[in-house]
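Residue-level listing of the chains:
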Amino acid sequence: MTNTTASEIIPLPRTYLIALIVFKSFCLVFGVLGNIGVIIYNLYMKSEKTQTGYLVANLACADLLTCLTIYPTWIAEFGMILSGVRSNQTFFCKFSYTTSCQFVFVSTLTLLAITVDRYLYISSPLKYSLIMTWKRTYAILLSIWICASLCTPIIAVYEEPTKVRTSCSGPIVLVLIAAMIYVFMPICLIFYYNFKIFLLARGQVRKIRKNRVACIHDIPSSSFNSSTSASEMHSRHRITREMKAIKTFAIVLGVFLFCLAPYTSVLLVQSLVCNCVPTVVIILFGDLAGVNSIMNPIIYSMRQKEYKNCYLRLISVIRSRLI
């Protein structure tokens, strides 16, 4: 590494670079601990191992790898900029942008798999165990990583640095194809199946309410035994649990789109409309996209106390090790 040359443009002032290093360091630590907690809970601590839990763990694995690769790379790059050291921008572009695309693709495909899994569970509860076997679950997880890896070598070949440091670019056609296959199409399918899940869940809630009213009016109190009440309570509890899971997943999806949409939009504008988006905007929106990797553990802990207990136990173990 050598000192920076005068022709190399630095897109951010020194104060912003320091702030971003601090912010990315916090995201690195918090994201690693949070996603490890999600993986440990779903694979080891959860009393009932489910296919959905393994898909959620796969989503956390993609976020964990994002934290372990992208954040250290950018922290090191910003640190070298502050130190006046010139880095290998070709390697930086090929590594950071390729790995970030890889894990975004894994995230979108996993979100689609979770959506289809929930749809099958609600639409065909009696056949669900026959459809979503463990063998098929493992095959889905393997297929997600294989499909997400098909385009990344091509991105690595064609991604090149620009005159502005930390700014990279690739062929427009490649950007559009990758965005269409791995982002837009999965998100459209996710919205479609989530809408169907919402309709099915709402219909089941209404059906339970109607059955409850019919039982109260038509069945004598002596005939309304404990087995009928227990069956009704079990159905209501299952629907309530599923509705909470649907809402939690909707929040996860909403946060994912909120973090990713601005960055994807400016890249498309930069590629299709004009080369007029300031590099500082692209970098800041890229940071927003990276924040998604730490948000899911926060959402899970706010929605389910089991995750919060898992995080507290993980923190206590780390504290005991350090002390």
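Everything discussed here concerns the structure shown above.
In this text the structure is predicted, and so the values were computed from the model without any measurement.

> Tell me what's going on with helix α5 (residues 134-149), and back it up with residues and numbers.
Relative to the 22 Å expected for 16 residues at 1.5 Å per residue, α5 spans 23 Å between its end C-alpha atoms, a close match to the ideal helical length. Taken residue by residue, α5 has T137, L141, I144 and A148 as its buried positions. Seen end-on, α5 carries its buried residues on one side only, within an arc spanning 55 degrees. Projecting away from the buried face of α5 at angles above 90 degrees are the exposed residues K135 and L142.

> Tell me about the side chain of T98, residues and numbers included.
In this fold, T98 is placed in helix α3 (residues 89-123). Judged by relative accessible area, which is 11%, T98 ranks as buried. Within polar-contact distance, the side chain of T98 engages the backbone oxygen of K94 at 2.4 Å. Apart from the residues within four sequence positions on either side, T98 is in contact with C93, T152, I155 and A156.

> Break down the nonpolar core for me, citing the residues and quoting the values.
One recurring pattern in soluble globular proteins: nonpolar side chains tend to sit buried together. Within the largest apolar cluster, 64 residues are counted, with the highest numbers of intra-cluster contacts made by F78, L111 and Y300. Mapped by element, the contributors of at least two residues to this core are α1 (14-45), α2 (51-82), α3, α5, α7 (172-218), α8 (226-273), α9 (279-303) and α10 (305-322). Counting residues per element, this core draws most heavily on α2, which supplies 13 residues. Each residue touching F78, except ones within four places of it in the same chain, is listed here: L12, L17, L20, I21, K24, T166 and I283. Counting 9 residues, the second-largest nonpolar core is a separate cluster that includes Y119, Y121, I197 and I246.

> Before we move on, could you go through the packing of aromatic side chains and cite the residues and values that matter?
Applying the stated criterion across every chain, the model contains 12 aromatic pairs. Summarising the aromatic geometry, the rings of F26 and F30 are spaced 5.7 Å apart at their centres and angled 20 degrees between planes, so their arrangement reads as stacked. In this pair, F26 and F30 both sit in helix α1, 4 residues apart, roughly one turn of the helix. Ring centres of F91 and F95 lie 5.7 Å apart, and the angle between their planes is 10 degrees; on these two criteria the pair is classed as stacked. Separated by 4 residues within a single helix, F91 and F95 lie in helix α3, roughly one turn from each other. Feature note: the residues Y54, W134 and Y138 constitute an aromatic cluster, connected by ring pairs. When the ring centre of Y121 is taken as reference, the NZ or CZ atom of R118 above it lies at 4.6 Å.

Here is what the cut-offs are and how they apply
Residues numbered from 1 in each chain as written. Predicted model: local features only at pLDDT ≥ 70, side-chain atom pairs only at ≥ 80, totals over all residues. Heavy atoms only, no water. Helix = DSSP H or I, 4+ residues; strand = E, 2+ residues; numbered from the N terminus. Expected span 1.5 Å × (residues − 1). Buried < 20%, exposed > 50% of the residue type's maximum accessible area, 1.4 Å probe, protein only. Arc of directions from axis to C-beta. Polar contact = N/O pair within 3.5 Å; in protein donor to acceptor, adjacent residues only side chain to side chain. Contact = heavy atoms within 4.5 Å. Core = buried A, V, L, I, M, F, W, Y, C linked by side-chain atoms within 4.5 Å. Phe/Tyr/Trp six-rings, centres within 6.5 Å; stacked < 30°, edge-to-face > 60°. Lys NZ or Arg CZ within 6 Å of the ring centre and 35° of its normal.

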